[in-house]
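# Structure assessment
Next come the chains, spelled out residue by residue.
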Amino acid sequence: MAVNLEVLGKTYPPVLYAVGREKVREYARAVGETNPLYLDVDAAREAGHDDVVAPPMFAVVYAMPAVAAGMFDPEVGIDFARLVHAGQQFTWGPLVVAGDEISTTVSVKDVSERRGSGFFAFESVSANQRGETVCTGVWSNIVRGS
Amino acid sequence: MAALEPGAEIEPLSVTPDRYLTVRYAGASGDFNPIHIDEHFAEEVGLPGTILHGLYSMAQVARAVSEAGGGPQSLRRLNVQFRGMGLPEHELTVTGSVTAVNDGVAIVQAVCTQQGKAIIRNAEAEVQVD
């Protein structure tokens, strides 16, 4: 498949995500978390947090809307029928808690073609309302050749 | 909780996602790709049925390594490669061990297997130990 190398480095407008208490609890229950920090406001407050703590992988929830802008960008041209999520990296900073507002900026980090398949990697940088980077993600995708 | 020293194994984590887990995870995560929630669609595109979200399986690795570190604040980085596909109604198992400790950060290598096959391999985590 032909890939459009011109999108390398393309950056999308930041997307704001407001972290809700029940969303954190819904996510924590779905992935089977049992740590009361994620589920019980009193336990989280006793441990010194303002509200329930988002599990680290909740980064998927607050960053995905921003990543989707890149994934669905016609200039990037990902064929979803042939898409494989190949790899994922997250690097975390301060914890996210319910009530935080997380702004995520996504850019195209890698576009290449090898052996007929397209490789697309997006980088997401998520910051809280104090400007602290809470999570950086690298989302690696392969679009298999036909 | 065992000390995270070179060679130490983390507490293994096993979970068997039920038939409707992918629907709950789709709602919780916002990823409604039909291969995870629509059995007919999944079969039409050549899959054995609905498959697990890769990021759900990664979340199981994150659970195992962050609990080994004593909680969410300990997990500094996690990098995984997805291989094959995970299926509902079969047990997932996460195992891992500490390969090094540098400046208070343990490097944990982990794998997530199902039915004897790695669905996440080469998972590498950095876990704060002090």
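In this report, we go over the structure that sits alongside the text. (Residues numbered from 1 in each chain as written. Chains lettered and ligands numbered in written order. Predicted model: local features only at pLDDT ≥ 70, side-chain atom pairs only at ≥ 80, totals over all residues. Heavy atoms only, no water.)

Facing the 27 residues of chain A at the interface are 28 residues of chain B. With both chains or domains summed, chain A and chain B bury close to 2200 Å², and 59% of this area falls on carbon and sulfur atoms. Linking chain A with chain B are one salt bridge. Its salt-bridge partner being E33 of chain A, residue R63 of chain B comes within 3.9 Å of it at the nearest N-O pair. Among the secondary structure elements, those contributing two or more residues to the side of chain A that touches chain B are α1 (21-30), α2 (36-39), α4 (59-71) and β2 (83-92) of chain A. Ranked by the residues each element gives to the side of chain A that touches chain B, the list is headed by β2 of chain A, at eight residues. In terms of residue class, the side of chain A that touches chain B is built from 16 nonpolar, eight polar and three charged. Strand direction decides the pairing type here: β2 of chain A and strand β2 (residues 75-82) of chain B, joined by five bridges, are antiparallel. (Contact = heavy atoms within 4.5 Å. Buried area = accessible area lost by both parts, 1.4 Å probe. Salt bridge = Lys/Arg side-chain N within 4 Å of Asp/Glu carboxyl O. Helix = DSSP H or I, 4+ residues; strand = E, 2+ residues; numbered from the N terminus. Nonpolar A, V, L, I, M, F, W, Y, C, P; charged D, E, K, R; others polar. Pairing = 2+ DSSP bridges.)

The next thing to look at is the pairing of strand β5 (residues 117-128) of chain B. Residue and element names in this part refer to chain B. When β2 meets β5, the two strands line up antiparallel, connected through six bridges. Pairing of Q81 across the sheet is with R121, part of β5. The sheet contact formed by strand β4 (residues 105-114) and β5 spans nine bridges and is antiparallel. Across the sheet, the residue bridging to V108 is A125, located in β5.

This brings us to the layout of surface pockets. By volume, the largest pocket is sized at about 1100 Å³. In this structure, the largest pocket is lined by 37 residues; those nearest its centre are L83 and H85 of chain A together with N33, I35 and H36 of chain B. Secondary structure elements with two or more residues in the lining of the largest pocket: α4, β2 and β5 (133-143) of chain A together with α2 (34-37) and α4 (54-69) of chain B. When residues of the lining of the largest pocket are assigned to their parent elements, the largest contribution, four residues, is made by α4 of chain A. Taken together, the residues of the lining of the largest pocket sort by class into 23 nonpolar, ten polar and four charged. Its volume calculated, the second largest pocket comes out at about 230 Å³. Considering the residues around the second largest pocket, the lining is formed by R19, Y20, T22, V23, I37, E39, P48, G49, T50, L87, P88 and E89 of chain B. Looking at the lining of the second largest pocket residue by residue, the class counts come to six nonpolar, three polar and three charged. (1 Å grid on protein atoms, 1.4 Å probe; cavity = no way out; pocket = protein on both sides within 12 Å on 5 of 7 lines; lining within 4 Å. Points joined across faces, edges and corners; volume = space filled by probe spheres on them.)

A few words now on the packing of aromatic side chains. Following the criterion strictly, the structure yields eight aromatic pairs over all chains and no others. Taken together, a centroid distance of 5.5 Å and an interplanar angle of 90° make the contact between F90 of chain A and W139 of chain A edge-to-face. Here W139 of chain A lies in strand β5 and F90 of chain A lies in strand β2, a separation of 49 residues in the sequence. An aromatic cluster of at least three residues, connected via ring pairs, comprises Y17, Y27, F58 and Y62 of chain A together with Y25 and Y56 of chain B. (Phe/Tyr/Trp six-rings, centres within 6.5 Å; stacked < 30°, edge-to-face > 60°.)

Turning to the sheet that holds strand β1 (residues 13-15) of chain B, a few remarks are in order. Strand order in the open sheet formed by ten strands is β1(A)-β3(A)-β4(A)-β5(A)-β2(A)-β2(B)-β5(B)-β4(B)-β3(B)-β1(B), and the pairing between neighbours is antiparallel. Since the sheet does not close on itself, it has two edges, and those belong to β1 (15-18) of chain A together with β1 of chain B, each with one partner. Each strand axis lies, on average, 20° off the axis of its neighbour in the sheet, ignoring direction. The sheet strands contacting α4 of chain A are β1, β2, β3 (101-114), β4 (117-127) and β5 of chain A, and the helix crosses β5 of chain A at an angle near 50°. (Axes fitted to C-alpha atoms, helices over the stretch in contact; angles between N-to-C directions.)

All names here are of chain B. We note that D103 has phi near 50°; this positive angle belongs to a residue other than glycine. Look at D103 and you get exposed, because its relative accessible area is 81%. Its identity is not glycine, yet N122 carries a phi of approximately 55°, on the positive side. Exposure remark for N122: the relative accessible area of 46% places this residue in the partly exposed category. (Buried < 20%, exposed > 50% of the residue type's maximum accessible area, 1.4 Å probe, protein only.)

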